[in-house]
Amino acid sequence: MNIGEAAARSGVPAKTIRYYEDIALIDSADRNANGYRAYSEDDVHTLRFIARARSLGFTVAQCRDLLALYRDRDRSSADVKAIAESHMNEIDEKIAGLKAMRETLALLTRKCHGDERPDCPIIEELAAPKAANANTN
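Residues numbered from 1 in each chain as written. Predicted model: local features only at pLDDT ≥ 70, side-chain atom pairs only at ≥ 80, totals over all residues. Heavy atoms only, no water.

Considering unusual backbone geometry
Positive phi outside glycine occurs at Ala24, with the angle close to 60°. Following the sequence through the fold, Ala24 ends up in the loop between helix 2 (14–22) and strand 1 (30–31). Overall, the relative accessible area of 53% leaves Ala24 in the exposed class. (Helix = DSSP H or I, 4+ residues; strand = E, 2+ residues; numbered from the N terminus. Buried < 20%, exposed > 50% of the residue type's maximum accessible area, 1.4 Å probe, protein only.)

What about the nonpolar core?
Residues Ile17, Tyr20, Leu25 and Ile50 are the most contacted members of the largest nonpolar core, which totals 22 residues. Taken together, the elements giving at least two residues each to this core come down to helix 1 (3–10), helix 2, helix 3 (41–55) and helix 4 (60–71). At 5 residues, the largest contribution of residues to this core is made by helix 4. Those residues in contact with Leu25, other than ones at most four positions away along the chain, are Tyr20, Ile50, Val60, Cys63, Arg64 and Leu67. (Core = buried A, V, L, I, M, F, W, Y, C linked by side-chain atoms within 4.5 Å. Contact = heavy atoms within 4.5 Å.)

Structural notes on helix 1
Of all the residues in helix 1, the buried ones are Ile3, Ala6, Ala7 and Ser10. For helix 1, the angular spread of the buried residues around the axis is 100°, confining them to a single face. The elements touched by buried residues of helix 1 are helix 2, strand 2 (37–38) and helix 3. Where helix 1 begins, the capping side chain belongs to Asn2, and its oxygen is found 3.0 Å from the backbone nitrogen of Gly4. (Arc of directions from axis to C-beta. Polar contact = N/O pair within 3.5 Å; in protein donor to acceptor, adjacent residues only side chain to side chain.)

Structure (structure tokens):
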């Protein structure tokens, strides 16, 4: 099948498929006599695997590791679990960072009168030197 059909069947845009080939996340597709890429059902399955992993936030590097483990029938599930747990820890750190940002914004919006006056704690905080910003939390 051509790249358009592989993209439609896998849910991965053709441009992304080409990118995955460029960075060697997937093998480059064989070429037909006319020079077009030719994808197999296995290629579509691999693209779906990557798409699912990416939808869970795994990085390209983590996808590369997961694919290697997927292809290794002698793998240890502990290796797969370690990647997933590491990724969960990264997600937890991002959530904590987002919560801290939200708390800071909530504090600033509570301080702002939101009226016709020009003074605004939100603008003042954004304009303050970096050291002063650390004291807002």
